[in-house]
Amino acid sequence: FVIDNSGSMAEEQALLSANFAAFIDVLEAPDVKANYRIGVTTTDSGNPRCPAATYKPEGGKLVLSSCLDRAAQGEFTFNDADFSYACDDFCTKADADVTVRPTAIAEDGEEKPRHWLESIEGQTNVQGFDSMVEAFQCYGPQGVAGCGFESHLESMYLALAAASDRDLTTNYGFVRDSAILSLVVISDETDCSYNPATKEIFTSNKVFWNDPETDTAPSSALCWNAGVKCEGQGPTYASCAAENYDVSGAPGAADEDAVLRPLQRYVDFVQKLEDQKKKLDMSQEVLVSMIAGVPKGYETGTPLVYEDSDDPDFQANFGIGPGCVLPNQDPMLADQTAVPPVREREFAEAFEVDEAKNLYSICQPDYRGALDSIAKRIRDQIKPACMPNCVLDTDRSTELLDPNCRLFEVKISDNSSTEIPECEEVKGAWTAPGGASVCFAQLVDQDKTETISELDDMSEECTEQGFNLEFFLVRSGPAPSGTSVTATCQLSDNKAADCPLL
């Protein structure tokens, strides 16, 4: 999760906490029981207008500390106003009340406290919380003291790049080679991931400022002006798209000369991660979702309209009118608004799965639908391990299939393999024998009625495809990095009889 921690994000962070059960409930559902890690960083990757001594940019570092402790340090204060309700309305436990249990990563195997939430085979790495929902409600809110020139894409990039950097202990080992990767950005402003070589656009070069003649400091309109080009005369535009501008304000700049980091930098980086995962599982997709300034119902067809604001202050502050508005029930308080996404929208669209829109409105009083949908996209990537061929029944005197199979964990780098033992059924659960860290079970009950036990029931996905065997892996920890699992089975010599639907 890349969470905007600028001054306008208190209500949105509170809504994320209030509705987070909708996300966890999908991952922990009885028919899913996902093993998962959740990392959190902010949109603050530093900026010439945000002194590091004041803003303490995360720069993609994963944050795992109670928001109560950070509220006490002033991270929920903006313009002398206290927004700590975004934390303490949901979190009651400070860091001193919680223990982060040491866990191992595949890269080094050493058990250490990590900077992410983790649930492996139902065992979490945080002790002191009643649930992972409660844990996220303390660790998720990031405050409102972050830089107002948000760098959604650069923060995401730095967080993922650091996962392979041994020197950055907050992130190292977070990304697992064979695990599904889901990226979620939550922000009410536009991306301002800038090129450090052109940082003067925030100080001495005013070409992208709202009013170069009179402004003494840039507003967030700079981010819009420096990275977006709209078609049409306005006030309503036919379309808006990401654009590379050089320091003079000319469009069409080469990637290396663009004042904001080129969008392709981020698409290529994440595509490379996806390509690496596809070497282990061709069906795997990196999932990208955003809760941003699109209208409610955008994911089901409500159009996003780009138009100038009739409020001159809003226009001066952001360079465009709001992409969505949530009227405040209290007439004394301002409406909730968000800037329409462009760069970050195009990044998300580059990773759409089956053309399903992956942006949800931040201007709504309830995020349950968005979080449920994001989690279900993850769930749908978890595929059952169907044996993709018809397996021989070695004992036809019994009603169920008696397969002859062996499974191996294969290290991709040198093609070495380690045989995986078969699980044992102990007190109604598959259990690894002899202290092994992984085992496999063979599921053979195709219509779920042949045996009393549900442990050997095959999934509908495998049976509907006509397969007669499914494997189920049980692990006590994360899979070793850079490995895949292969199976060898004695195959049927009469597929028409043994697998009539295949």
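Cut-offs applied
- Numbering of residues starts from 1 in each chain and follows the order in which that chain's sequence is written.
- A pLDDT threshold of at least 70 governs which residues receive local features in this predicted model, and a stricter bar of 80 or more applies before side-chain atom pairs are shown or counted, although totals over entire chains, interfaces and linings include all residues.
- Only hydrogens and water are removed before side-chain values are computed, so all heavy atoms of the structure are retained for them.
- A strand pair is defined by DSSP finding two or more bridges across the two strands.
- Secondary structure elements are taken from DSSP: a helix is a run of H or I of four residues or more, a strand is a run of E of two residues or more, and numbering for both begins at the N terminus.
- In this description, contact between two residues means that some pair of their heavy atoms is separated by no more than 4.5 Å.
- Between N-to-C directions, angles span 0 to 180 degrees; the directions come from axes that are lines fitted to C-alpha atoms, helices contributing only their stretch in contact.
- The working definition used for a salt bridge is a side-chain nitrogen of Lys or Arg within 4 Å of a carboxyl oxygen of Asp or Glu.
- Each residue is placed in one exposure class: buried if its accessible area under a 1.4 Å probe, protein chains only, is under 20% of its type's maximum, exposed if it is over 50%, and partly exposed if it falls in between.
- Two aromatic rings, drawn from Phe, Tyr or Trp (for Trp, its six-membered ring), form a pair once their centres lie within 6.5 Å of each other, and the interplanar angle then sorts them: stacked below 30 degrees, edge-to-face above 60, tilted otherwise.
- Over a ring means this: the NZ of a Lys or the CZ of an Arg is within 6 Å of the ring centre and within 35 degrees of the ring normal.
- A pair of sulfur atoms, both from cysteines and within 2.5 Å, is called a disulfide here.

## Overview of the sheet that holds strand S2 (residues 36-38)
Phase 1 of the analysis: What the 3 strands build is an open sheet, ordered S2-S7-S8; its pairing is antiparallel. Strands at the two margins of the open sheet, each flanked by one partner only, are S2 and strand S8 (123-124).
Phase 2 of the analysis: Strand contacts of helix H6 (residues 132-139): S2, strand S7 (117-120) and S8, with the helix running at about 165° to S7, the strand carrying the most contacts.

## Notes on the pattern of salt bridges
Phase 1 of the analysis: All told, the structure shown has 15 salt bridges when counted by the stated rule.
Phase 2 of the analysis: Across the salt bridge formed by arginine 406 and glutamate 419, the nearest N and O atoms sit 2.7 Å from each other. In this pair, arginine 406 is assigned in strand S20 (residues 405-411) and glutamate 419 in strand S21 (residues 417-420), connecting sequence segments 13 residues apart.
Phase 3 of the analysis: Among the residues examined, glutamate 419 registers a relative accessible area of 40% and is labelled partly exposed.
Phase 4 of the analysis: Between arginine 475 and glutamate 409 there is a salt bridge, with its nearest N and O atoms 2.6 Å apart. Taken together, the residues span a long stretch of sequence, with arginine 475 in strand S25 (residues 470-475) and glutamate 409 in strand S20 at a distance of 66 residues. Side by side, arginine 475 and glutamate 409 carry an identical accessibility label, which is buried.
Phase 5 of the analysis: Through salt bridges with shared partners, one network takes in Glu154, Arg261 and Arg265.

## Here's the deal with the packing of aromatic side chains
How two aromatic rings sit relative to each other is given by the distance of their centres and the angle of their planes.
Phase 1 of the analysis: Applying the stated criterion across every chain yields a total of 16 aromatic pairs.
Phase 2 of the analysis: Relative to tyrosine 245, the ring of phenylalanine 208 has its centre 5.9 Å away and its plane inclined at 65°; by these criteria the two rings are edge-to-face. Residue phenylalanine 208 is found in the loop between strand S10 (182-186) and helix H8 (221-227), and its partner tyrosine 245 is found in the loop between strand S13 (239-242) and helix H9 (263-278); the two are separated by 37 residues along the sequence. Each member of the pair, phenylalanine 208 together with tyrosine 245, is buried.
Phase 3 of the analysis: Among the aromatic side chains, those forming a connected cluster through ring pairs are Phe1, Phe20, Phe23 and Phe136.
Phase 4 of the analysis: Positioned over the ring face of tyrosine 157 is arginine 265, at 4.0 Å from the centre of the ring.

## Here we look at the state of the cysteines
Phase 1 of the analysis: Applying the stated criterion to the full structure yields 10 disulfides.
Phase 2 of the analysis: Across the disulfide from cysteine 386 sits cysteine 462; the S-S distance is 2.0 Å. Judged by the sign of its S-S torsion, about -90°, the bond between cysteine 386 and cysteine 462 is left-handed. Note that cysteine 386 is positioned in strand S19 (residues 385-386) and cysteine 462 in helix H13 (residues 460-464), a separation of 76 residues in sequence. Grouping residues by exposure puts cysteine 386 and cysteine 462 together as buried.
Phase 3 of the analysis: At a sulfur-sulfur separation of 2.0 Å, the disulfide partner of cysteine 405 is cysteine 489. Across the S-S bond linking cysteine 405 and cysteine 489, the dihedral sits near 115°, which makes this disulfide right-handed.

## A short note on the sheet that holds strand S1 (residues 2-3)
Phase 1 of the analysis: Read from one edge to the other, the open sheet built from 5 strands follows the order S3-S1-S10-S14-S18, with strand pairing classed as parallel. Taken across any chain shown, the strands that pair with only one partner, and hence form the sheet edges, are strand S3 (41-42) and strand S18 (359-361).
Phase 2 of the analysis: The pairing of strand S14 (residues 287-292) with S18 spans 3 bridges and is parallel. Across the sheet, the residue bridging to methionine 290 is leucine 359, located in S18.
Phase 3 of the analysis: Its contacts with the sheet place helix H12 (residues 368-381) against S10, S14 and S18, and it is angled at close to 180° to S14.

Don't take any of this as a statement about function, it's just geometry.
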